[in-house]
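# Summary of structural features
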Protein chains: 2
Amino acid sequence: MTNEDAAEHFTILARDSHTRARTGVLHTRRGDVRTPAFMPVGTQAAVKSVTPDEVRSTGSEIILANTYHLMLRPGLEIIQAAGGLHTFMAWPHPILTDSGGFQVYSLAGLREITERGVRFRSHIDGSLHELTPESAIALQLGFGSDIIMPLDDVVGYGSELTRQREAAERTHRWLLRALEYFRTMVDTAEPSRPWVFGITQGGFDLDLRRRSCDFVAGLPVDGCAIGGLSVGEPKPVMLAFLEEVAPLLPEDKPRYLMGVGSPEDLWLAVAAGVDLFDCVHPTRVARHGGLYTPEGRVDITSSRFRSHFAPVDETCDCLTCTQFTAAYLHHLFRARELLAYRLATIHNLRFIQREMERIRQSIAEGRFVIELEEFRARYRPADQEAAQVQRRRRAGSKSGEGVGDIDE
Amino acid sequence: MTNEDAAEHFTILARDSHTRARTGVLHTRRGDVRTPAFMPVGTQAAVKSVTPDEVRSTGSEIILANTYHLMLRPGLEIIQAAGGLHTFMAWPHPILTDSGGFQVYSLAGLREITERGVRFRSHIDGSLHELTPESAIALQLGFGSDIIMPLDDVVGYGSELTRQREAAERTHRWLLRALEYFRTMVDTAEPSRPWVFGITQGGFDLDLRRRSCDFVAGLPVDGCAIGGLSVGEPKPVMLAFLEEVAPLLPEDKPRYLMGVGSPEDLWLAVAAGVDLFDCVHPTRVARHGGLYTPEGRVDITSSRFRSHFAPVDETCDCLTCTQFTAAYLHHLFRARELLAYRLATIHNLRFIQREMERIRQSIAEGRFVIELEEFRARYRPADQEAAQVQRRRRAGSKSGEGVGDIDE
């Protein structure tokens, strides 16, 4: 595994001349992924409410699954006995798995971080578990993941500078251990091997961020991820950091911005030079009635859709928009019909993937800035409706355990 | 509308010589329905968790929707503005609507029955509503229903004989009013008109039941329904009454047993001479992890399926069984993934419709009794597991309002 190998499995086809946007192809062992690419999140070996065929039909070429959740349930043993994660969940296309670092960070009081790794209590049954840089790799190899993420130490927005520095430095030491372990387990000369990315950290200190990028850039990783953003900071802060950080990562390797994003964030992050994204946003807001349209996100439960006998998005070619009206979706959400969550999810994923297609095509055709401005002039993120969705989501989370969970 | 007309829209193709089973075709204005037929329940203009295409792909040719639920939400006005129920829910095939009688009966304390009709409070917002024999017909005509059921007065198992008699007699008077109103609204000579059935009642008194059958048999209805069974009585009681009652209904009209059934009940009711069924059983137990197999119903959440890397039903050709293993379904249910409810629903509906196909074919080929015995020898209703599902369902109902509702 050398930097030259990495360059071989990522082809950049075109660069935008006004921004850092680029479009290309990731040649993974389970097929090509056109970049910039958005990965739907399949936390528990399922993209919530949709089948693999439906995910594929939205234009998604790769999905993300969560190591933390899968190690707890169904567990590595079951996934291996099933023949790997792809077979288990009937998704034969590429899968990227995260390392569990972010999920463990989210557990707050239930975890203990040491140089060895993290010890934490399961959110399911309180049982004690451990993740180390080595075991995170072992788990993902066991799942059969195509792109493996190393364990990182994530800090929230507003942490002390000493904690930010500690987390960045630990993430680096853990990355070295992860790569060392990966090399003992995987023949890096084998073309069908899985890939391993490096994750940069550094909190919200630009100097730390630069040092982290330099550190990861010097290692033989197959791609570089930007971790520790989208952890509660204001959006302008996130975008400002991204503008600084993305260009510091190697030009010839895929750049992955973890946990982003909404349609508006995707466009801006692509302009900053990012190639790969994952986020629960499209699927989560969908399950709470937040549907994307070219004019912005709308709340389908709003009474203005009660007798809107046309598709939510007239321009959309998804199953939902071609077969059902906004009025029917409105009714399904009001009546809490399970079909609502699926139809909304399919639409939002298709909307995002059509945006990604538009992004890729406009870069290839030298019109990226024009399309970006057109998107920004038209698309209203609808913060007010977003806040409503957030409130409803929190309310839903609290009462969670009775019936099928709609929250990640 | 005469009895001769009724005979024209129902063709009996074959009769079993050992039982009262028969197979035929209902020629509805929206297409043929092969009988004996099972109608999945789409209470709120959706069969819970599945799309119309998926319902159709299970072999279902007609569905049932509930007048009570639809009149309250989204309301007649919205359904009419949408172009009728078929367009609203994107199901172009036949729909039978119930009258709301049974649902109002289920409201217990929230209702008041008079000769005029029933007044009741909405389970959604407590608002006051009324259903009369006339308005029940008007609503169903407004929905665009293909088979309309008249308002009936339903009594539970264990009611006083006087109450049973009162309910049967009121049901008869209401039926006369319903038919009178129907004739003023519908040109009964028009071949594309909707149909109206009569409902027999009589509680658990055989004499009342006989009189009710005689009464309805003498009226120009398009089919005859057996109401007031499957209301809490032991199964042998239901089947004993059915054996007596079904033959009293006209031979040349379709016979509809309301609210039945499970696979085992369907076979026995067909033997008694029934042609049409609806029930939430297959879809409801599915959402609680109860899956039908040729050997009986199993609880997919049971740990014995944890590493069962084969379809739940090896003989099944449904989407679920052809694409996913029992172990994956087990995981989805354990993880409360929304996809679980859909995959289980698709399988159970397909299982039921394959049973209906087997029933129809065996009658046509003179092997009905052989197949019935084969089914009974092999299929174990799994009462123990059923009880677990029931317990879980009740637990789920209580916590209901937080997230997507899996209960009807």
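The model shown is predicted, which means the values in this text are computed figures rather than measured ones. Sequence order as written defines residue numbering, which begins from 1 separately in each chain. Whichever chain is written first is A, and whichever ligand is written first is 1; the rest continue in order. With pLDDT at 70 or above as the cut-off, local features in this predicted model cover only qualifying residues; side-chain atom pairs require 80 or more to be listed or tallied, and sums for whole chains, interfaces and linings still use all residues. Remark: hydrogens and water are excluded; side-chain values derive from all non-hydrogen atoms of the structure.

## Focus: the UniProt feature "binding site: substrate" (unreviewed entry) in chain A
Residues and elements named next belong to chain A. UniProt positions are given in the numbering used here, feature names are shortened, and annotations may be inferred rather than shown by experiment. Under the local residue numbering, the UniProt record ascribes the feature "binding site: substrate" (unreviewed entry) to D98, S99, G100, G101, F102, D152, Q201 and G228. Considering the arrangement of structural elements, one finds S99 in the loop between strand 6 (95-97) and helix 6 (101-106). Under the relative-accessibility criterion, S99 is labelled buried at 4%. Discounting residues that sit within four places of it in the chain, S99 has contacts with T67, L131, A136, Q140, M149, P150, L151 and D152. Within the local environment of S99, its side chain forms a polar contact with the backbone nitrogen of G101, the two atoms lying 3.1 Å apart. Residue placement: Q201 occurs in the loop between strand 12 (198-200) and helix 9 (206-217). Per-residue accessibility, obtained with a 1.4 Å probe over protein chains only, is compared with the maximum for each type, and a residue is labelled buried under 20%, exposed over 50%, and partly exposed between these values. Given a relative accessible area of 2%, Q201 falls into the buried group. Note on contacts: a residue pair qualifies if any of its non-hydrogen atoms lie within 4.5 Å across the two residues. Non-local contacts of Q201, meaning those with residues more than four positions away in its chain, are made with D152, D153, V154, A168, T171, L208, R209, S212, G227 and G228. Helix numbers and strand numbers start at the N terminus; a helix is a DSSP run of H or I with at least 4 residues, a strand a run of E with at least 2. Side-chain atoms alone can form a polar contact between residues adjacent in sequence; in general such a contact is a pair of N or O atoms within 3.5 Å, and within protein one must be able to donate a hydrogen while the other accepts it.

## A closer look at the nonpolar core
We define a nonpolar core as any set of buried Ala, Val, Leu, Ile, Met, Phe, Trp, Tyr and Cys residues linked to one another through side-chain atoms lying within 4.5 Å. Among the nonpolar cores identified, the biggest contains 209 residues, and F277(A) and F277(B) are the most heavily contacted of them. When residues no more than four places from it in sequence are discounted, the contact partners of F277(B) are P36(B), A37(B), F38(B), M39(B), Y256(B), L257(B), V260(B), L266(B), A269(B), V270(B) and M356(B).

## Observations concerning unusual backbone geometry
All names here are of chain B. The linkage connecting T35 with the following residue, P36, adopts the cis geometry, with an omega of -5°. Its identity is not glycine, yet A90 carries a phi of approximately 60°, on the positive side. Within the secondary structure layout, A90 lies in the loop between helix 5 (85-89) and strand 6 (95-97). Among the residues examined, A90 registers a relative accessible area of 22% and is labelled partly exposed.

## Here's the deal with the sheet that holds strand 13 (residues 224-226) of chain B
As a general point, the strands of a sheet are linked pairwise by backbone hydrogen bonds and lie either parallel or antiparallel. All names here are of chain B. Here we have 5 strands laid out as an open sheet, ordered 4-15-14-13-12, and parallel in their pairing. Looking at which strands have only one partner, the edges of the open sheet turn out to be strand 4 (37-39) and strand 12 (198-200). The sheet shows a mean angle of 25° between the axes of neighbouring strands, taken without regard to direction. Where strand 4 and strand 15 (residues 276-278) come together, 3 bridges link them in parallel fashion. Bridging across to strand 15, F38 finds its partner in F277. For two strands to pair, DSSP has to find at least two bridges joining them. An axis is simply a line fitted to the C-alpha atoms; with a helix, the fit covers only the stretch in contact. Between two such axes, the angle follows the N-to-C directions and lies from 0 to 180 degrees.

## A closer look at the state of the cysteines
Throughout, disulfides are identified as pairs of cysteine sulfur atoms within 2.5 Å of each other. The full count for this structure, using the stated rule, is 0 disulfides over all chains. Residue C224(A) stays outside any disulfide, its sulfur separated by 8.0 Å from that of C213(A), the closest cysteine. Judged by relative accessible area, which is 1%, C224(A) ranks as buried. Counting only cysteine sulfurs, C318(B) is the nearest neighbor of C321(B), a cysteine outside any disulfide, at a range of 3.8 Å.

## So, the packing of aromatic side chains
Stacked, tilted and edge-to-face pairs are distinguished by plane angle, under 30 degrees for stacked and over 60 for edge-to-face with tilted covering the rest, among Phe, Tyr and Trp rings (Trp via its six-membered ring) whose centres lie within 6.5 Å. The full count for this structure, using the stated rule, is 26 aromatic pairs over all chains. On the basis of an interplanar angle of 85° and a centroid distance of 5.4 Å, the ring pair of F204(B) and F241(B) is categorised as edge-to-face. Taken together, the residues span a long stretch of sequence, with F204(B) in the loop between strand 12 and helix 9 (206-217) and F241(B) in helix 10 (residues 235-245) at a distance of 37 residues. With relative accessibility at 16%, the residue F204(B) sits in the buried group. According to the relative accessible area criterion, F241(B) is buried, its value standing at 11%. Put simply, the rings of W267(A), Y292(A), F351(A), F368(A), F375(A) and Y379(A) touch in pairs and so form one group of aromatic residues.

## Quick word on the packing of helix 11 (residues 263-271) of chain B against helix 15 (residues 339-364) of chain B
Residues and elements named next belong to chain B. Two elements in contact, helix 11 and helix 15, have axes whose closest approach is 11 Å; the angle formed by their N-to-C orientations is 25°. Relative to helix 15, the element helix 11 is oriented roughly parallel. Note that helix 11 runs across helix 15; the crossing there is right-handed. Across the interface between the two elements, P263, L266, W267 and V270 from helix 11 touch F351, I352, E355, M356, R358, I359 and I363 from helix 15. Orientation is classified from the angle alone, with under 35 degrees giving roughly parallel, over 145 giving roughly antiparallel, 65 to 115 giving roughly perpendicular, and any other angle giving oblique. Should the near helix be turned counterclockwise from the far one by less than a right angle, the crossing is left-handed, whereas a clockwise turn marks it as right-handed.

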